[in-house]
Amino acid sequence: MRPFQLTRTLPEDATGAALRADVLHGLTRAPKSLPPKWFYDARGSELFEEITRLPDYYPTRAEREILAARAADIAAATGAHTLVELGSGSSEKTRLLLDALPAPLTYIPVDVSESALTGAADGLLADHPDLRVHALIADFTRVLELPEAPGPRLVAFLGGTIGNLLPAERAEFLTSVRKLMAPGDSLLIGTDLVKEESVLVRAYDDPTGVTAAFNKNVLDVIDRELDADFDPDDFDHVALWNREEEWIEMRLRARRDVVVKIPELDLVVPFAAGEELRTEISAKFREEGVRAELSAAGFVPGHWWTDAAGRFALSLATA
Ligand code: AVJ
């Protein structure tokens, strides 16, 4: 078997069809909203990597700290021969797990970005000669099948990305992941934790404006893909803490009355001055809540590890 295989589980046009449906649905209702997955074109993925290096954006560093401290425990507890990573992106933190898991190991990164998958695999294969990589081009919320691979398997969902799903979407997602898994398989999940509001808001509204550019990038994506005429300068970046829901919301607020044409959808979208478009939620968690959600999806929650400052947690659960 070649050490690198790539499987596309999405039809070539699936992304375009899903974007059209999400934009049509999200911009024709009140309040307006878009799912956060559309941030991540090549430019958006670059901006996100830049965010992870910002002094105020602590989640990436906190999660890396936990992985570095616990990789050996994770390897021992799971005995995994296959690592599946949902939303693998640059696979940067994955190295800490790959180094700890015993060879021969199969790595199955799942991401919508083909360039991220091939780029990450090249780097990993250079350093891990006996690694087998079977990359899946897929939307991690829609993966229904995994390639044959030796068990036990460890499914990792890192970065706190589960917080970008609404509670009902999270329940559905966890249940479908549980169905992919066999007895003896494990789930490793990263969750950002509830903390002081000012710390949370600063992580999503940095003074250098990188997060603002990331937020507005979704407008460029819609302009390019759907021939729309959003002007990102017509909108302000907004990050706020929703205390009731315990999530950060990113929004784009119209600076004046704006009318946007989206020819590919035969759509004209009016924004009143001050009107807001919600572009992301990023839920923050508590231990009891994470355990309850895992149990409700049919997992048996196990280890709960945080960084020394208690900002971020990794949970290990068994199927
Ligand atoms: C994709 C979950 C890691 O919600 O914190 C970063 C995306 N949005 N800054 C998050 C994000 C704004 C991020 N994750």
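Residues numbered from 1 in each chain as written. Predicted model: local features only at pLDDT ≥ 70, side-chain atom pairs only at ≥ 80, totals over all residues.

## Quick look at the overall build of the protein chain
Across its full length, the protein chain carries nine helices and 14 strands. Relative to the 2.2 N^0.38 estimate, which gives 20 Å for 319 residues, the radius of gyration of the protein chain is 20 Å and therefore close to what a compact globule would have. Its C-alpha atoms give the protein chain principal-axis dimensions of about 60 × 45 × 35 Å. Every one of the 319 residues in the protein chain was classed for burial, and the buried ones make up 39%. (Helix = DSSP H or I, 4+ residues; strand = E, 2+ residues; numbered from the N terminus. Rg over C-alpha atoms; globule rule 2.2 N^0.38 Å. Buried ≥ 20, exposed ≤ 12 C-beta atoms within 10 Å, placed from the backbone.)

## Describing the UniProt feature "binding site: S-adenosyl-L-methionine" (unreviewed entry) in the protein chain
Under the feature "binding site: S-adenosyl-L-methionine" (unreviewed entry), the UniProt entry names G87, K93, D111, D139 and F140. With respect to the element layout, G87 can be found in the loop between strand 3 (82-86) and helix 4 (94-100). The class of G87 is buried, set by 23 C-beta atoms lying within 10 Å. Dropping the residues within four chain positions of it, G87 is found in contact with V110, D111, F140, F157 and T161. Topologically, K93 is positioned in the loop between strand 3 and helix 4. (UniProt positions renumbered as here; feature names shortened; annotations may be inferred. Contact = placed C-beta atoms within 7 Å.)

## Here we look at the UniProt feature "binding site: L-histidine" (unreviewed entry) in the protein chain
Residues annotated by UniProt as "binding site: L-histidine" (unreviewed entry) correspond here to Y57, N164, Y204, E280, I281 and S282. As for its position among the elements, N164 is in the loop between strand 6 (153-157) and helix 6 (167-180). On the neighbour-count criterion, N164 (19 C-beta atoms within 10 Å) is partly exposed. Setting aside chain neighbours within four positions, we find N164 in contact with P36, E280, I281 and S282. Looking at where S282 falls in the secondary structure, it is placed in strand 12 (residues 276-283).

## What to know about the sheet that holds strand 4 (residues 106-111)
One open sheet holds the eight strands; their spatial order is 1-5-4-3-6-7-14-13, and the pairing between them is mixed. Whereas interior strands pair on both sides, the edge strands pair on one side only; in this sheet they are strand 1 (4-8) and strand 13 (300-306). Pairs of neighbouring strands in the sheet enclose a mean axial angle of 20°, with direction left out of account. Bridge count for strand 13 against strand 14 (residues 312-318) is five bridges, and the pairing is antiparallel. If you follow W304 over to strand 14, its bridge partner there is S315. Across the sheet, helix 5 (residues 114-127) touches strand 1, strand 4 and strand 5 (132-137), and the angle it forms with strand 5 is around 170°. (Pairing = 2+ DSSP bridges. Axes fitted to C-alpha atoms, helices over the stretch in contact; angles between N-to-C directions.)

## Remarks on helix 8 (residues 210-226)
When the terminal C-alpha atoms of helix 8 are compared, their 24 Å separation across 17 residues agrees well with the 24 Å that a helix rising 1.5 Å per residue should span. Where helix 8 bends most, the angle comes to about 25°, and this point is K216. Taken together, the buried positions of helix 8 are occupied by T211, A212, F214, N215, K216, N217, V218, L219, V221 and I222. Here the buried face of helix 8 lies against helix 1 (14-27), helix 2 (42-52), strand 8 (235-242), strand 9 (247-254) and strand 12. Two residues or fewer past helix 8, D227 is found with a positive phi of approximately 60°. (Expected span 1.5 Å × (residues − 1). Bend = angle between axes of the 7 residues up to and from the residue.)

## Thoughts on the environment of L83
Inspection of the secondary structure assignment puts L83 in strand 3. Taking the C-alpha atoms as reference points, L83 and I66, 17 residues apart in sequence, are found 18 Å from one another. What L83 contacts, discounting residues up to four positions off in sequence, is L97, L98, L101, L105, Y107, L154 and A156.

## A look at the confidence of the model for the protein chain
Scored by pLDDT, the protein chain has a mean of 94; 99% of the residues are at 70 or more. Interface confidence in the predicted complex, given as ipTM, is 0.98; pTM for the same model is 0.95. (pLDDT = per-residue confidence, 0-100.)

## Some words on the nonpolar core
The biggest cluster of nonpolar side chains holds 57 residues, and the ones touching the most others in it are L83, V155, A156 and L188. At five residues, strand 14 tops the list of elements feeding residues into this core. Excluding its chain neighbours within four sequence positions, the residues that come into contact with L188 are I74, L154, A156, L314 and L316. Judged by nonpolar contacts, the second largest core, of 21 residues, contains F48, F214, I222 and F230. (Core = buried A, V, L, I, M, F, W, Y, C linked by C-beta atoms within 7 Å.)

## A look at the pairing of strand 7 (residues 186-192)
Taken residue by residue, a regular strand's side chains alternate between the two faces of the sheet. The buried fraction of strand 7 amounts to seven of the seven residues, a majority that puts the element mostly inside the structure. Here strand 7 shows a buried face lined by S186, L188, G190 and D192 and a second buried face lined by L187, I189 and T191. Pairing of strand 6 with strand 7, which is carried by four bridges, proceeds in the parallel orientation. Each bridged residue has a counterpart across the sheet, and for V155 the counterpart in strand 7 is L187. You can see the chain leave strand 6, run along helix 6 and come back into strand 7, and the turn it takes is right-handed. Examined bridge by bridge, strand 7 and strand 14 share seven bridges and lie antiparallel to one another. Residue S186 lies in a different strand from strand 14, and its bridge partner there is T318. (Right-handed = clockwise from strand over helix to strand, strands pointing away.)

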